[in-house]
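These are the residues of each chain, in order.
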Amino acid sequence: MADGEMTYGVPSVNQEQLDREFSIPAHQLLVWMQSARMRLPWVGAGYCAFSAEEPRLVRRLVVRAQGIRFRGANRNPPPRADVQVAVRVGQVGKTSIEMLYTVAYDGEVVADAVATMVCVAGATGSFKPSAVPERVRRAASTIVAEPRSAAVLDSYGGAEAVTMDQAYTRRVLASVTGVPQQSAGTFVHEMVVRFSDEDVNKHTNHAGYARFCSDAVDVLRVSDHPLVSALGGAAFPWFLRSLVLEYVAETKAQDTLTIYLTAGANSPGEVAVAIARGDTLCTKGVLELTTSPDARL
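Residue numbers here run from 1 along each chain, matching the order of that chain's written sequence. With pLDDT at 70 or above as the cut-off, local features in this predicted model cover only qualifying residues; side-chain atom pairs require 80 or more to be listed or tallied, and sums for whole chains, interfaces and linings still use all residues. Calculated side-chain values reflect all of the structure's heavy atoms, with hydrogen atoms and water omitted.

J.: So what about the nonpolar core? Which residues, and what values?
T.: Among buried residues, those of type Ala, Val, Leu, Ile, Met, Phe, Trp, Tyr and Cys that are joined through side-chain atoms within 4.5 Å constitute a nonpolar core. Burial here depends on accessible area, computed with a 1.4 Å probe over protein chains only, as a share of the maximum for the residue type. Under 20% is buried, over 50% is exposed, and the range in between is partly exposed. Residues Trp42, Leu61, Met99 and Leu261 are the most contacted members of the largest nonpolar core, which totals 67 residues. Only DSSP runs of H or I with at least four residues qualify as helices, and only runs of E with at least two residues qualify as strands; both kinds are numbered from the N terminus onward. Examining the composition of this core, we find that 8 residues originate from one element, helix 5 (residues 206-221), more than from any other. Contact criterion: two residues are considered in contact whenever any of their non-hydrogen atoms come within 4.5 Å of each other. The residues touching leucine 261, leaving out its near neighbours within four places in the chain, are Gly185, Thr186, Phe187, Ala216, Val217, Leu220, Leu227, Val271, Ala272 and Val273. With 10 residues, the next largest nonpolar core counts Leu100, Tyr168, Val176 and Val286 among its residues.

Here is the structure:
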């Protein structure tokens, strides 16, 4: 396998890894995406291999934005299914690396995903963007581009196929410009970041924000807020079609966050998300929901 590719396997998914709708929750898939890229030979545990690349620097990869989109009505894994998360390096910028993913249950691809990573270096606590090492660029150049997600319909542009890449995440997130004004159409949910939401970098782990969004949507669903009717009503479960998040500012344990949900601008069932600490926008995103499991993408 080339330096720019890796498949991470999760054998025999058990009931405790499923959510209340018998699906693998989005935040768990984001964690497994992280596990896949950490196993790339030039990354290494604790970024030891990445830091050893010339010139030697203390380096990390931080998530700038990421998204996942389900292909069909197969988000529920078969009993004791094996999950495979495959990653390959896409475009490499001066300081950024595009990671492209597929998620498969027992060998059948059910979702496509992307993460835009930023290479940072320096002393812990004061990392700054840093040039991607040359060997990583060479690893990307050995990957043969292949068509992706050709069978997935794009609700953001009619019937053209979706390409899950960083251009897609930018396009979807363009409609979310900041913290919305509170109005009758805005659902507001407050929460406090737990210490268990932090990772080794002493900030909220990127996957935690997907859980924050899901929890806010569940609270919305059991409320009498007018946004519930716009999303199809509370009588049915809401299934996730797609999730895109961009990380703007860090948060940490004991921060009080306000999550704002509004109707999205691109398609029915879409929810725009803004997560703020006071007046500071920390994360923005777009979720696409459906009340029908057969309509999941």
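J.: Explain helix 4 (residues 166-173) residue by residue, including any values.
T.: Among all positions in helix 4, only Gln166, Tyr168, Thr169, Val172 and Leu173 are buried. Along the axis of helix 4, the buried residues cluster in a sector spanning 155°; they form a single face. Those residues of helix 4 that are buried lie in contact with strand 2 (59-70), strand 3 (83-92), strand 4 (96-105), strand 5 (108-121), strand 8 (239-247) and strand 11 (280-290). The N-terminus of helix 4 is capped by aspartate 165, whose side-chain oxygen sits 3.2 Å from the backbone nitrogen of alanine 167. By construction, the arc corresponds to the directions joining the helix axis to the C-beta atoms. Any pair of nitrogen or oxygen atoms within 3.5 Å is treated as a polar contact; in protein, a donor-acceptor pairing is required on top of that, and neighbouring residues in sequence qualify only through side-chain atoms on both sides.

J.: Give a detailed account of the pairing of strand 3, specifying residues and quantitative values.
T.: The pairing criterion is simple: DSSP has to find at least two bridges between the two strands. Two elements, strand 1 (residues 5-10) and strand 3, share 6 bridges in a ladder whose sense is antiparallel. The residue of strand 3 that forms the bridge with threonine 7 is alanine 86. Two strands pair when backbone bridges link them, and strand 3 and strand 4 are joined in this way by 8 bridges, in the antiparallel orientation. Bridge pairing in strand 4 links valine 87 to tyrosine 101. Adjacent in sequence and paired antiparallel, strand 3 and strand 4 are bridged by 3 residues.

J.: Break down the packing of helix 1 (residues 26-38) against helix 5 for me, with residues and values.
T.: Axis definition: a line fitted to C-alpha atoms, limited for helices to the stretch in contact. Angles are taken between N-to-C directions and run from 0 to 180 degrees. Interaxial distance between helix 1 and helix 5 falls to 8 Å at its minimum, and their mutual angle equals 165°. In terms of orientation, helix 1 and helix 5 fall into the roughly antiparallel class. The crossing of helix 1 and helix 5 is right-handed. For the pair helix 1 and helix 5, contact is made by His27, Leu30, Val31, Gln34 and Arg37 and by His206, Ala207, Ala210 and Arg211, respectively. Here the contact of helix 1 with helix 5 is built from residues that sort into 4 nonpolar, 3 polar and 2 charged. We call two directions roughly parallel when the angle between them is under 35 degrees, roughly antiparallel when it is over 145, roughly perpendicular when it lies between 65 and 115, and oblique otherwise. For any pair of crossing helices, the crossing counts as left-handed if the nearer helix is rotated counterclockwise from the farther one by less than a right angle, and right-handed if it is rotated clockwise. When residues are sorted by character, Ala, Val, Leu, Ile, Met, Phe, Trp, Tyr, Cys and Pro go into the nonpolar class, Asp, Glu, Lys and Arg into the charged class, and all the rest, Gly among them, into the polar class.

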